[in-house]
Every structure is written in structure tokens, then in C-alpha cells.
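# Structural overview
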Amino acid sequence: MKKKIYLGLSLILSFSMLTACGNKIAKEKSTDKIEVVTSFNAIYDIASKIGGDRIAIKNIVPKGTEAHDFEPKPKDMVDLNKADVFVYNGLGMEEWVDSTLKSINNDKLVVVEATKNTNLIKNKDSKEGEGHGEFDPHVWLSLQDSNIMARNIMEAFIKVDGENKEYYQGRYKEFSEGNAILLKEYEEKFSKIENKGFVTSHAAFAYLCRDFKLQQSSVAGIFNDGEPTSQKLSDMVNFCKENNVKTIFMESDGSEKVAQTIAKEINGNVEKINTLESEGSYLETMRENLEKIYNSLK
Ligand SMILES: [Zn+2]
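This write-up is about the structure you can find in this document. This structure is a prediction, so every number in the text was calculated from the model and none was measured. (Residues numbered from 1 in each chain as written. Predicted model: local features only at pLDDT ≥ 70, side-chain atom pairs only at ≥ 80, totals over all residues. Heavy atoms only, no water.)

### Quick word on the nonpolar core
In terms of nonpolar packing, the biggest core is built from 67 residues, with V85, F86, W140, F157, F190, F212 and I293 touching the most fellow members. Those elements that place two or more of their residues in this core are β1 (34–38), α2 (41–51), β3 (85–88), β4 (110–113), α6 (145–160), α7 (165–191), α8 (206–212) and α12 (282–297). Domain assignment of the residues forming this core places at least three in each of domain 1 (30–182) and domain 2 (192–297). Ignoring any residue separated from it by four or fewer positions in sequence, one finds V85 in contact with I34, E35, V36, V37, L109, V110, V112, A156, F157 and V160. (Core = buried A, V, L, I, M, F, W, Y, C linked by side-chain atoms within 4.5 Å. Buried < 20%, exposed > 50% of the residue type's maximum accessible area, 1.4 Å probe, protein only. Helix = DSSP H or I, 4+ residues; strand = E, 2+ residues; numbered from the N terminus. Domains from an automatic or database assignment. Contact = heavy atoms within 4.5 Å.)

This is the structure we're talking about:
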């Protein structure tokens, strides 16, 4: 009888020890990786490349959704409340950031404005400035300034997880070396051609143009304000003819009809270009964009 009670007790004891261990393992696992939340695809992809498998990463703006006009969902608030690092672009790309950060309750959250200390380009005309602020926010489309963004992200990861400093530094080095190789390759290619002007629907490529001494002509006014006036349309057609433009670049969500109309007038074609705002892996997409632009100019 006495033996039976003893056996029962030890069973209860060992059971509770087991569950205690189980809890411990589960808890350690959830804090093992840095929990990172990013705003939209370009930022998500760069942060993923720097963090590798040391981070657990979530992105707020869903794939295929326009990054400029977006409001976070309640589940994003939940993610931000338990995250270690939040990375966003800044410069008005995410107008929801200030109010979102005010409404969460997370003292340990390290907030990274990725474009801090980058070499900014001022928005030219007031039309472009609408919803964008004083500076052009599409900084990640420069193969040079995206290094600065990646470095800002790396520094935040090191701040939270100093033990793995060398890991993040190694991945940053890999990222910036990839950029340098691509930059050099296309600097050489573009330097050998006469045509420097290309036409896009969404004026997102000023930083890429600066890298390669190209000229971006945006037709945002034509594409985004409903039906274009015939004056605007003929101005655009004349510009294309004068500058030997044969390709109209546009994003998938723009008005293809207007682009096709202009392309037809100039005997050219319409080509898709990816701003990385809603999809695409960084270096691969940059290479694809550069090759398309190069092919349209050579
Ligand atoms: Zn944009």
C-alpha cells in the first residue's frame, strides 16, 4: 500500500518535471530567432537577405498589394506587439507608420527607418510629390543606396542579437558585393550606348537612373489621372520621337491601354518593369529591370 502511494507520487512528480521541461523548450524556441516585421516587399527582401535563418520575418503589405496606399490589419498590430525589430522605408512610403507605432505597446521594439543616411533625391514637380513628400522614397532602386539601407538593418540586428554579429556582417558583405558586381556590369553596358532616356508609368526609377546616368521620363500624370488629355498624350508621343524612345515601361497595375496607345504611335512596345514594391527578390529583379532598360536603349 505504502509502495503504491510512493509510485503514484513519483509519477506525478516526473510528469510535472516533463511538462516543465516542455515549456522551457517551447519558450526558448520562440525567442531563439529575432522576430522581425517589415513594411513592404523591398524592405522585406533586403531584411531577409541580411537576417538569413537567424530571423523570423513577417511582412505587412501583402504580395500584389499597392504599397503606397495601405492600412495595417489587427493581426499586424499583434505581430508588432511581440516583435524585436520593425523595419520600414520612410519618406512617406508608409503613411501609417507613425499612428501604428503609437497604438502598439512594445518597449523593446527596435524601429529602423531604412532610408536613414541615404543620398536622397528631391521630388521634382508637385505632381510627383503628392503622397510622396519632399523626397523621392524609392531609394532601394539604387544599387548603391540599398547598401546603406542594408547596413542600417544589419546594425539593428546586431543591436538585438550581438552574439551573431559576424553572421549578419557576412551576409551584409555578400549583399553589397552582389550589388557592386551588377552595378559595374551595367555601368559598362550603359556607358557604351547613346540613348539615355526611358519612359515609365510610375516615376520610381530616379535612383536607378542616377546610378547609371540615365534619364527617366515619367508619365504619371498621363497614366494615373483617368483619361489623359489629347494634349498630354501628344506631348508624350513627341517626347518619345525626339528622344528615340521605343519602349514604354509600366508596372502591372498601371493603365496598359494608355501605354499601348503611346507605344502604337511611336511604333514601339510596352514592357513590364518591377519596382519591387509588391513582389520580387532584390538582386534578380534589379538585374531583370536593368536588362530590359538596356535592351530598350541599345
Ligand atoms: Zn512607388
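### Details of unusual backbone geometry
Its identity is not glycine, yet L91 carries a phi of approximately 60 degrees, on the positive side. Within the secondary structure, L91 sits in the loop between β3 and α4 (97–103). Not every positive phi belongs to a glycine, and N117 is a case in point at roughly 65 degrees.

### A closer look at the sheet that holds strand β5 (residues 197–200)
Read from one edge to the other, the open sheet built from 4 strands follows the order β6-β5-β7-β8, with strand pairing classed as parallel. In this open sheet, the two strands that pair with only one neighbour each are β6 (215–218) and β8 (269–272). On average, each strand axis in the sheet is inclined to that of its neighbour by 35 degrees, with strand direction left out of account. Summarising the sheet, β5 and strand β7 (residues 247–250) pair through 2 bridges and their orientation is parallel. Across the sheet, T200 pairs through a bridge with F249, a residue of β7. Here α12 sits on the sheet in contact with β5, β7 and β8, set at roughly 160 degrees to β7. (Pairing = 2+ DSSP bridges. Axes fitted to C-alpha atoms, helices over the stretch in contact; angles between N-to-C directions.)

### Regarding helix α10 (residues 230–242)
A rise of 1.5 Å per residue sets the reference length of α10, with its 13 residues, at 18 Å; its end C-alpha atoms lie 18 Å apart and thus fit the reference within 8%. Of the positions making up α10, those classed as buried are L233, M236, V237 and C240. End-on, the buried residues of α10 take up no more than an arc of 100 degrees, which puts them together on one face. (Expected span 1.5 Å × (residues − 1). Arc of directions from axis to C-beta.)

### Description of the pattern of salt bridges
Going through the model one piece at a time under the given rule, you end up with 13 salt bridges. For D45, the salt bridge identified is with K49, shortest N-O distance 2.6 Å. You can see D45 and its partner K49 sitting in helix α2, 4 residues apart, about one turn around the helix. One salt bridge connects E271 with K292, and the closest N-O pair in it is separated by 4.0 Å. Residue E271 is found in strand β8, and its partner K292 is found in helix α12; the two are separated by 21 residues along the sequence. Given a relative accessible area of 27%, E271 falls into the partly exposed group. Overall, K292 belongs to the partly exposed group, its relative accessible area being 28%. (Salt bridge = Lys/Arg side-chain N within 4 Å of Asp/Glu carboxyl O.)

### Observations concerning the packing of aromatic side chains
Across all of its chains, the model carries 12 aromatic pairs by this definition. Centroid distance F157 to Y168: 5.6 Å. Interplanar angle 55 degrees. Geometry classified as tilted. Taken as a pair, F157 in helix α6 and Y168 in helix α7 lie far apart in primary sequence, 11 residues in all. This pair shows no difference in class: F157 is buried, exactly as Y168 is. Note on F190 and Y294: the rings are 5.9 Å apart at their centroids and 75 degrees apart in plane angle, and the pair reads as edge-to-face. Placement of the pair is F190 in helix α7 and Y294 in helix α12, with a sequence separation of 104 residues. By relative accessible area, Y294 is classed as buried at 14%. Ring pairing ties together the aromatic residues Y186, F190, F212 and Y294, which thus form one cluster. (Phe/Tyr/Trp six-rings, centres within 6.5 Å; stacked < 30°, edge-to-face > 60°.)

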